[in-house]
Structure formats: C-alpha cells, structure tokens
Amino acid sequence: MDAWRRARRRSIILMLLMDAELRLNQQRVALREQRLIKKRKLWVRPIFMNRMQQGNWNRLIEEMQLWDCETFFNNMRMTPQTFSTLLTKVGPKIERQSTNFRETIPAAARLALTIRYLATGDTITSIALSYRIGRSTAVAIIPTVCEAIWNALEEEMLQPSEEHWLQVSDEFEEKWNFPHCIGALDAKHVVNTFPQHASSDADNHKSQHNIILMALVSASYKFLIVDINTQERDSDVDIFGNSQMGQIFYNSEMNLPEPSPLSEIYSEKMPYCMVADENFDLTEFCLRPYTGRSLREEERIFNHRLSRARQVTENAFGVLASRWRIFGKPMNTSLSTTQKIMKATVCLHNFLMPHDVYCGQDYVDQIIKTGEVIEGGWRQYLDGNGAFQDITVIGVKSYSRYSAHVRDYFMHYFMEDGAVPWHQIM
C-alpha cells in the first residue's frame, strides 16, 4: 500500500513538472513572437518612400534655385551659384555609395539639409520630415557634414605667417586707423542645454553647459583664428591663458612680424598687437583700454581709437548669430556636435563674407567721426537670449612695465603723428 502511494505521489509530481515546463515553453514562444512583431518590418517608412519625388531637395530647393533666388538665400544664406561652389568643395567628402537595398541620399541633399538646419534654427525633427528622411538619419548627417565643411573650408581661416599678419595689420590701419594691429580678440559663452554627462568645468550649475568660443577677428569681420573649449573660468584672461591659442601667443609661436617703428617720427620699434576689452590682460601682444573714472584726454582718445578697432568682434559675432539662427537660442545638441556646428558656421561665415548679399555695408555697425554708432541690420534679429553670451568682467588685471610702455607709446602716437582730424570734434 505504501509503495502504491509513493508511486502515485511521484506520478503527480512528474505531471506537475511537465505542466510547468509546458507553460514555460509557451511563455517563451509568446515572448519570441512579440519580439518578432516589434522588429521593424520596413527599411524605410512609407511616407519616405517618395523622397526623390516629394522631398524638399528634389522639389522645393531645386525650384528655388531656378526661379526664386531671394527665397533660396533666406533659407540657405547664399545664392544658388555660391551653393554650387560650396558643393564642389564639400560634396566629395560626404558622398555615399548606393546599395542594392536602398538608394543613398545625394551629397547635395545632405549639404542642403545641414545648411538649412544651421541657417533657420528649426528642430531636427521638422527638417528631417521636410526632406522625408528619418530623424535618426538627419542626426547622423548633420555633424558629419559640419565636419566636412570645416575640413573643406579650413583654408578660409588664417594660416599664421609673417606675411599674413602684415596683411591683417595693413587692413586694420587702412580701415580703422590702428597700426600694428593683428586682430581684435574676444570670447563668448556658447550656452548648451542638452542633457549630457559633462565635467564640472563645463557645467555652470544651471542645467547649462558652456563652450567657450574665443576668436581673433580681422578688420573686415572675418574670423582669423578660433579656439573652442569646454572649460569655464572666471574671466577672459584665465580662459585665454589656458587656451591653446593663448599658449601659442605666450610661447611666441605665432610667427608674428618683428617689432618695427610706427612711423618715421615714432621710430622706436613696437610689437604687433591684438586689441581687446578690459577682460583681457595687458601684454606686449595685447592692448586693452585704460580704466578709471578720471581719464586724461590722451587716454580717452586712445580708448576711442582702440574701441573703433575692437568693434569688429561684436559685429562678427552678431553677423554670425543673425545669419546662422541655430545660435538664436541656447544650443540643444551634444557638446561634440555643438563644437562641429561652431567650426562649420565660422568657416561658412568667412567663405560668404566677400559676398554683399551675405553682409552688406548696412548690415554691420557704422561708426561716424563723432563717435556715434549707426547700428547694423544684424541687431534686429537678436534679442540677447541666444547661444552667445558675454563673459563677466572679474577684477583688475596686472601687467608688466613694458606692456604699459607699449600702450603709452601708442597713446602718444595717436595724439601726435598718428592723430586724425575728427578727434577734435569728439
């Protein structure tokens, strides 16, 4: 009897185990079926199948190129002819090979999509939909094309050499009456609200990540040299001193021309210098204004001459932000993509500056002889809440005796041999 009960018990346990295993197998099959259902059945969404016939590039952009150059410029910041020139430079770097499974997006469409994103500041989702491509595809295209633009147009930036620096200096003296000037220096915070795991140096503790864009600008509003980093410091001086650009200047590796006289009368050899605001340190290669409440007349005149030369930085950043509306609000891309966007737009700015349609005479500030400023057209497009933000002035900076002597020498030059008639009516 006991043996029968034990056998019966074993039989029941075996049946329960078999039932449990069957249920488990059923659950595994159901889960596998669910995963198969979730798998994408189509390589391209149905609304994107007619991209070649209905996408922006194949219809709207090509029509604007043929029939409406003004609208084309408003969307692309350049004329159709200039776009074609740009495409010849960038196209080979972004061309992709079609496969048997799908037709690739043409290089011209990739470039047009990226330019429109930079120019209008629209969201990636809306840009991707208008071109009838997936958002993830657009997210991959934009930084790739930006990097290709930088590589193709890097020649638009200054190649430091004594000859090039002298050309920059001659232009500053001709346009802004400031000799031995090799550029105007400034820096901006580029605010980024994109959530990312950044180091504390790049986090300003307000859910924003600041990249520092430091630039040396020419007399004609071109960016000569840019330095992009993600370290936030207390003032421009610390940023400059710790930047790659600053280290090259401090180590005398910029291939600057040898010091030379300002004129026949002012025959002491003076170094070639940048001009900057009071945020930057006074050095033998960087001049800044005199500070204080009770300035002498000659100091005030020096400050005015320096300010006239330095205003090219405000205008260069202003034109850049107004033409490329991606900077019209805080950036919302990864730090890596943001850096690529800045490098691309700086090169595009330099590439397009010679064209009046991009930046005509009325688009930048005009300073008349009395010192009055007639505001340029770029100001109407900016409200102060964009990606570019000024850096706060912190304290007074020390300087060497020789640096002070250089500035004083320029001051006396502006009062005598380098004087201009319109200073008498200031």
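The following refers to the structure shown. (Residues numbered from 1 in each chain as written. Predicted model: local features only at pLDDT ≥ 70, side-chain atom pairs only at ≥ 80, totals over all residues. Heavy atoms only, no water.)

Right, let's get into the environment of Ala219. Locating Ala219 in the fold gives a position in the loop between β2 (209–217) and β3 (223–229). Measuring from C-alpha to C-alpha, the distance between Ala219 and Arg310 comes to 8.8 Å, with 91 residues separating the pair along the chain. In this view, Ala219 contacts Glu171, Phe172, Lys175, Trp176 and Val312; residues no more than four positions away in its chain are not counted. (Helix = DSSP H or I, 4+ residues; strand = E, 2+ residues; numbered from the N terminus. Contact = heavy atoms within 4.5 Å.)

Okay, helix α8 (residues 135–153) next. Along its 19 residues, α8 runs 27 Å from first to last C-alpha, staying within 8% of the 27 Å computed at 1.5 Å per residue. When we look at burial in α8, the residues that qualify are Ala138, Ile141, Ile142, Pro143, Val145, Cys146, Ala148, Ile149, Trp150, Ala152 and Leu153. Against α5 (80–94), α6 (107–120), α7 (124–130), β3 and α13 (335–352) lie the buried residues of α8. (Expected span 1.5 Å × (residues − 1). Buried < 20%, exposed > 50% of the residue type's maximum accessible area, 1.4 Å probe, protein only.)

Bringing the side chain of Thr345 into the picture now. Residue position: Thr345 is located in helix α13. Looking at Thr345, its side chain comes within polar contact range of the main-chain oxygen of Met342, at 3.1 Å. Dropping the residues within four chain positions of it, Thr345 is found in contact with Leu118, Leu320, Trp324 and Phe327. (Polar contact = N/O pair within 3.5 Å; in protein donor to acceptor, adjacent residues only side chain to side chain.)

Moving on to unusual backbone geometry. Despite not being glycine, Arg77 has its phi angle at roughly 65 degrees, a positive value. Mapped onto the elements of the fold, Arg77 is located in the loop between α4 (69–76) and α5.

This paragraph deals with the packing of α8 against α13. The geometry of a pair of packed helices is captured by two quantities: the angle between their axes and the separation between those axes. Between α8 and α13, the shortest axis-to-axis distance is 8 Å and the interhelical angle comes to 45 degrees. As judged from the angle between their axes, α8 and α13 are oblique. Crossing geometry of α8 relative to α13 is assigned as left-handed. Counting all contacts with α8, which are made through Pro143, Cys146, Glu147, Ile149, Trp150 and Leu153, the residues of α13 involved are Thr337, Lys340, Ile341, Lys343, Ala344, Cys347, Leu348 and Phe351. Its residues assigned to classes, the contact of α8 with α13 comprises 10 nonpolar, 1 polar and 3 charged. (Axes fitted to C-alpha atoms, helices over the stretch in contact; angles between N-to-C directions. Parallel < 35°, antiparallel > 145°, perpendicular 65-115°, else oblique. Left-handed = near helix turned anticlockwise from the far one by under 90°. Nonpolar A, V, L, I, M, F, W, Y, C, P; charged D, E, K, R; others polar.)

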